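Examination of the molecular architecture
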Amino acid sequence: MGIIVEDVSKQFGSFEAVSHVDLKIESGSLVALLGPSGSGKSTLLRLIAGLEAPDSGRIWLTGEDATHRSVQDRNIGFVFQHYALFKHLTVRKNIAFSLELRKTPSAKVKARVEELLELIQLQGLGDRYPSQLSGGQRQRVALARALAVEPKVLLLDEPFGALDAKVRKDLRAWLRRLHDEVHVTTVFVTHDQEEAMEVADEIVVMNKGKVEQIGTPAQIYDHPASPFVMSFIGPVNVLPSSSRIFQANGFDTPHPEVFLRPQDILVETSAEESSVSARVSRIIHLGWEVQAELTLDDGQVVTAHLTRERFDELNLQPQQRVFVRPKEARAFPLYYSI
């Protein structure tokens, strides 16, 4: 097992940042800690790194109790959001820094640096300074520096948060490919659901210092364990269970709220059995799909996602009268298929 967190808690004054967290991360896996601001994900990462000490519980790294070990003794690579590169050192010197601190023979340092420059696809840029690189290139250098000492665990704290959307997307794909090459146990913190779904083997969803759910991206999305997870992972409509769209379909639940994914709303231009009337209040073109905001006759507003092909087939127009029904909906703790 790569990382084991056993009943770990951490408070800052009266604020409990991490509360009785249990977590097991397999060796060689790529895991995302996902949650909103204040959910405890960065604190948990810092506890694993040794940058914070837990108030209670234990942390195991590669089979050894590391709870009270110093950062230096944990053999961890840590990458921060804002790179933390040395501005006065070249790319080569930045990557070599930790190796030279350990008095690694110069020939071995040189070979390792060149190997990493090739791995991060920055061959030929080794003599440049950080100010001469793009944000994405600087983040690659930060990753190479963390990998230089061949850590057993790599920890990334919102590694792409300071970059623009296009660069973030490119680096996500690059990080996935990099991990598939080096196979180092990797944990990264993000509040970006798409980033977690695209990159990670497994996602740990956190909220208010606790773990809400652990699973693969497909498990988290298709089988959310709580209303929070369903609301946080992907778009969702939250409607009262008394809404006519559910009553017309025999959806009976004691729970006050029902969760309905936009892609699970079926839209037709003519009335069908169990469909309810709605008006198209807004159409938003998102490229590969179309988002339609629909106002039901009872005043509830729902968002439906349609493929471009289906949208063209329906030929929807603003203010048009349509008929809708849910394909699937969820009311916790019960699940309903309609």
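Residues numbered from 1 in each chain as written. Predicted model: local features only at pLDDT ≥ 70, side-chain atom pairs only at ≥ 80, totals over all residues. Heavy atoms only, no water.

**Describing the overall build of the chain**
Tallying secondary structure elements over the chain gives ten helices and 19 strands in all. C-alpha atoms of the chain, sized along the principal axes, occupy 75 × 45 × 30 Å. Across the 338 residues in the chain, those meeting the buried criterion constitute 49%. Counted over contacts in the chain with a minimum sequence separation of 6, partners at least 24 positions apart contribute 64%. With an accessible surface of roughly 16,100 Å², the chain has 50% of that area assigned to carbon and sulfur atoms. (Helix = DSSP H or I, 4+ residues; strand = E, 2+ residues; numbered from the N terminus. Buried < 20%, exposed > 50% of the residue type's maximum accessible area, 1.4 Å probe, protein only. Contact = heavy atoms within 4.5 Å. Areas by Shrake-Rupley, 256 points an atom, 1.4 Å probe, with all protein chains shown as cover.)

**Considering a nonpolar patch on the surface**
A contiguous nonpolar surface patch, about 210 Å² in accessible area, is contributed by L51, V71 and F80. Mapping F80 onto the fold places it in the loop between β6 (76–79) and α2 (91–101). (Patch = residues over 30% accessible without salt bridge, like charges linked within 9 Å, V, L, I, M, F, W, Y side chains within 5 Å. Salt bridge = Lys/Arg side-chain N within 4 Å of Asp/Glu carboxyl O.)

**Looking at the pairing of strand β8 (residues 185–190)**
A large share of β8 lies buried, amounting to six of its six residues. Residue alternation in β8 divides its side chains into two sets, T185, V187 and V189 and T186, F188 and T190, and both sets are buried. Direction of pairing for strand β3 (residues 30–34) relative to β8: parallel, over a ladder of five bridges. Residue L34 lies in a different strand from β8, and its bridge partner there is T190. Here strand β7 (residues 153–157) pairs with β8 via five bridges, running parallel. (Pairing = 2+ DSSP bridges.)

**Examining helix α1 (residues 41–49)**
Within α1, seven of the nine residues are buried, leaving the element largely enclosed by the surrounding structure. Residues of α1 that are buried include every one of K41, T43, L44, L45, L47, I48 and A49, and no others. One or two steps after α1, the chain reaches G50, where phi turns positive at roughly 90°.

**Some points on the pairing of strand β16 (residues 301–307)**
With five of seven residues buried, β16 is to be regarded as a mostly interior element. Where strand β15 (residues 289–296) meets β16, seven bridges bridge the pair, whose relative direction is antiparallel. When the sheet's bridge partners are listed, L294 is paired in β16 with V302. Here β15 folds back onto β16 in antiparallel fashion, the turn holding four residues, of which G299 has a positive phi close to 90°.

**Some details on the environment of L116**
Residue placement: L116 occurs in helix α3 (residues 106–119). Sequence-wise, L116 and R145 are 29 residues apart; in three dimensions their C-alpha atoms are separated by 8.5 Å. The residues touching L116, leaving out its near neighbours within four places in the chain, are I95, A144, L147 and A148.

**Structural notes on the packing of aromatic side chains**
Per the stated rule, a full pass over the model turns up five aromatic pairs. Ring geometry for F246 and F251: centres 5.2 Å apart, planes at 40°, overall tilted. Pair check on accessibility: F246 and F251 agree, each one buried. (Phe/Tyr/Trp six-rings, centres within 6.5 Å; stacked < 30°, edge-to-face > 60°.)

**Here's the deal with the side chain of N94**
Residue position: N94 is located in helix α2. Since its relative accessible area comes to 1%, N94 is described here as buried. Here N94 is in contact with L85, F86, L89, P130, V141 and R145, once residues within four sequence places are set aside.

**Digging into the sheet that holds strand β14 (residues 276–285)**
The sheet built from five strands is open, its strands ordered β13-β17-β14-β15-β16 with antiparallel pairing. On the outer flanks of this sheet lie β13 (265–268) and β16, each paired with one strand and no other. The average undirected angle you get between the axes of adjacent strands in this sheet is 45°. One ladder, built from seven bridges, connects β14 with β15; its direction is antiparallel. (Axes fitted to C-alpha atoms, helices over the stretch in contact; angles between N-to-C directions.)

**Considering the pattern of salt bridges**
Overall, the coordinates contain 23 salt bridges when judged by the stated rule. The shortest N-O distance in the salt bridge between R46 and E52 comes to 3.5 Å. Among the residues examined, R46 registers a relative accessible area of 28% and is labelled partly exposed. Among the ionic pairs, D264 bridges to K327, the shortest N-O distance being 3.9 Å. With D264 in the loop between β12 (257–260) and β13 and K327 in the loop between β17 (321–326) and β18 (328–331), the pair connects residues that are 63 residues apart, well separated along the chain. Using a relative accessible area of 10% as the deciding quantity, one classes D264 as buried. Each member of the salt-bridge network shares a partner with another, and the members are K169, R172, D192, E194, E195 and E198.

**Digging into the side chain of N237**
Mapped onto the elements of the fold, N237 is located in strand β11 (residues 237–240). For N237, a relative accessible area of 6% gives the class buried. Side-chain polar atoms of N237 contact the backbone nitrogen of T303, separated by 2.8 Å. (Polar contact = N/O pair within 3.5 Å; in protein donor to acceptor, adjacent residues only side chain to side chain.)

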